[in-house]
Structures are given as structure tokens and as C-alpha cells.
Amino acid sequence: MKGIILAGGSGTRLYPATLAINKQLLPVYDKPMVYYPLSVLMLAGIRDTLLISTPEHLPFYRNLLDDGSAWGIRLSYVVQDKPVGLAHAFILGRSFVGGDQVALILGDNVFYGHGLSVELADAVARGEGATIFAYHVSEPSQYGVVKFDEAGGRAIDLVEKPKQYLSNWAVTGLYFYDNSVLDIAAGLRPSTRGELEITDVNRRYLELNKLHVIKLGRGYAWLDTGTHDALLEAAEFVRSVQHRQGLLVGCPEEVAYLQGFISKENLRNLAEKYDKSGYGRYLQRLIDEPVRR
């Protein structure tokens, strides 16, 4: 399976903080925002990922992430000249995906939960159709929303930013698809907002009876960081978890080590790179102490 991180956009809701830098390069507490979605894809076992961003910001990502080899993965890059909807990622990434399955994650999303790795593994293993994740929110009108049947287990409708109440289950920014998504996205027409909507992609899978919706219930956290308040909330959440547990959230080096992408010696070299920070000391503890999970 291939992975795509969509890290474009103008970040206007975060002005003036994003006047000179891409939103996904801003820090969420102690790490660049893009580390969090990258870590999720790595946790899913994905080692070949495409990052999509704007022409002016792509060099910053190359400088930050390089080719991914330090983490035992491969990173590629492609330019998105202007944001025209999430589904555009599959048009830009068509040649990259080739004949494989693909996972798309938004660059401003943070996921956390003890059972997340199991849910990710199941989504990868499912193979056919699409798997998306729903999360209960208090203000669903700001998201794509999924409606379930009366039993609460089967999705029956999907609406992008509904004006009337549909449900409290928002579709998160993490999606797993079979290879059919490439043709589905290519056949989309822009919505009234002028965008190629990911909700239209998911609705097509729903019509084909090939959409799997996983509810992320109590015990999971999903945060997007599109506003100043949301960015601060995400940072406070990460800080609270890390200080309480002594375990980092969204650490690519740790995920790479635990997934077997890199060796202990590789991790030691990475730890030395950050030897003057708490981040480096944490990586060194992963080497010196038994894995704590």
C-alpha cells in the first residue's frame, strides 16, 4: 500500500502565522505538525509515501524530511499549484500509486489511541473497497458527516458540511482505498464550492456497497488544527499525554524502530542528532530501556 500526505492549502484561517510558512510545518507542541500524520502512515506499515504541497513550501518539506531513508521509508514529493479539493490528491498521485492500494491522510490531523494500530492494520488488510474513520463531534456542520442506520452500524448517507443536522459523526482526515479510487477521483466534477470533494469519492463507494466506516469511540482522540484554538488544543493535548505517560506522540523515529524499519544502531545515530534536546534523550531511552507498550 502507498501513502499520500496532503499538506497544501493556503492556511488563511491561521493568518498571520501562516503568511510565510505552510500550516503543516508549524509546531504542534514539540514537533512539526507533519510528523503526526507521517507517523500514522508508518504505524499502518506504509513505507512509500507521497507528500503534496505548494510550490513555495515543498523545498521546506524536502529539507525537513529528506527522502525518508533515515526512518527506513521512501518519501516522494509533488506540487499542487492550488487547492482544488482533497480528491485532487489522487489525480496528482496517480502515477505514484500505480496499481496499489492507497491511504490518504491530511497533513493537519492528529490521531491518538491505544487501539489505533489494530484499526490501521485491519484497514490495510481489508484490501477491497474503502475504509474511513468517523469521530463523534459536538459541531458536525464543519465537517463531512456520516449518517448511520437506526442500529448504528451501517452508513447510509454522507454529506459535506451539512446545513441541516445529519448526525454527530464527522469523517476524519484518514482514508484507505483500493485502486479504484484513481478512476473515481478522475471522474469527479467540481462541487458548488469548486472543489473535487472527498465526500463524493466516499459516497461512490457507499453506492457500490464497498464503504467501511469505523467509529473511533471513547479512548481515541482526533484533532485537526485548522484554527488557532484548534492548534493550541492539539498542542495542549500532546503535552498532557507526553508529560503524564513519558511517551511521545507522533514520533517517526520511534515508530520506525518499533516497526522494524530501522535498527538499534540507526536509532542511536538519530538520537545523537538531537543530543541536546529532550527529544534526543527520549530516543536514547528507547535503546537503553525495554520497549514500553
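Please refer to the structure higher up on the page.
Read on for a plain summary of the structure. Remember, it's a predicted structure, so these values are computed and weren't measured experimentally.

This paragraph deals with the nonpolar core. L51, L65, W71, F176 and L283 are the most contacted members of the largest nonpolar core, which totals 51 residues. Every residue in contact with L51, bar those within four places of it in the chain, is listed here: I5, A7, V34, L58, Y61, L65, S76, Y77 and V78.

The subject of this paragraph is the side chain of N168. Within the fold, N168 resides in the loop between β10 (155-160) and β11 (169-177). A distance of 2.7 Å separates the side chain of N168 from the side chain of Y165, its partner in a polar contact. If sequence neighbours within four positions are ignored, N168 has contacts with Y135, H136, V137, S138 and P140.

Attention shifts here to helix α1 (residues 35-43). Burial analysis of α1 places eight of its nine residues in the buried class, which makes it a mostly covered element. Along α1, the residues classified as buried are Y35, Y36, P37, L38, S39, V40, L41 and M42. G45 lies just past α1 and shows a positive phi near 90 degrees.

Our focus in this paragraph is the pairing of strand β5 (residues 74-79). Note: strand β4 (residues 48-53) against β5, six bridges, orientation parallel. By the bridge assignment for β5, D48 is matched with R74. After leaving β4, the chain enters helix α2 (residues 58-65) and then returns to the sheet as β5, a path that is right-handed.

This part covers the pattern of salt bridges. The final tally for this structure, using the stated rule, is 14 salt bridges. Between R204 and E207 there is a salt bridge; the shortest N-O distance is 3.3 Å. Residue R204 and its partner E207 are located together in helix α7 (residues 198-207), separated by three residues, close to a single helical turn. Overall, the relative accessible area of 37% leaves R204 in the partly exposed class. Judged by relative accessible area, which is 54%, E207 ranks as exposed. The partner of E265 in a salt bridge is R268, and the shortest N-O contact between them spans 3.0 Å. With E265 and R268 both in helix α10 (residues 264-273), this residue pair falls three residues apart, about one helical turn. Exposure remark for R268: the relative accessible area of 26% places this residue in the partly exposed category.

How each quantity is defined
Residues numbered from 1 in each chain as written. Predicted model: local features only at pLDDT ≥ 70, side-chain atom pairs only at ≥ 80, totals over all residues. Heavy atoms only, no water. Core = buried A, V, L, I, M, F, W, Y, C linked by side-chain atoms within 4.5 Å. Buried < 20%, exposed > 50% of the residue type's maximum accessible area, 1.4 Å probe, protein only. Contact = heavy atoms within 4.5 Å. Helix = DSSP H or I, 4+ residues; strand = E, 2+ residues; numbered from the N terminus. Polar contact = N/O pair within 3.5 Å; in protein donor to acceptor, adjacent residues only side chain to side chain. Pairing = 2+ DSSP bridges. Right-handed = clockwise from strand over helix to strand, strands pointing away. Salt bridge = Lys/Arg side-chain N within 4 Å of Asp/Glu carboxyl O.

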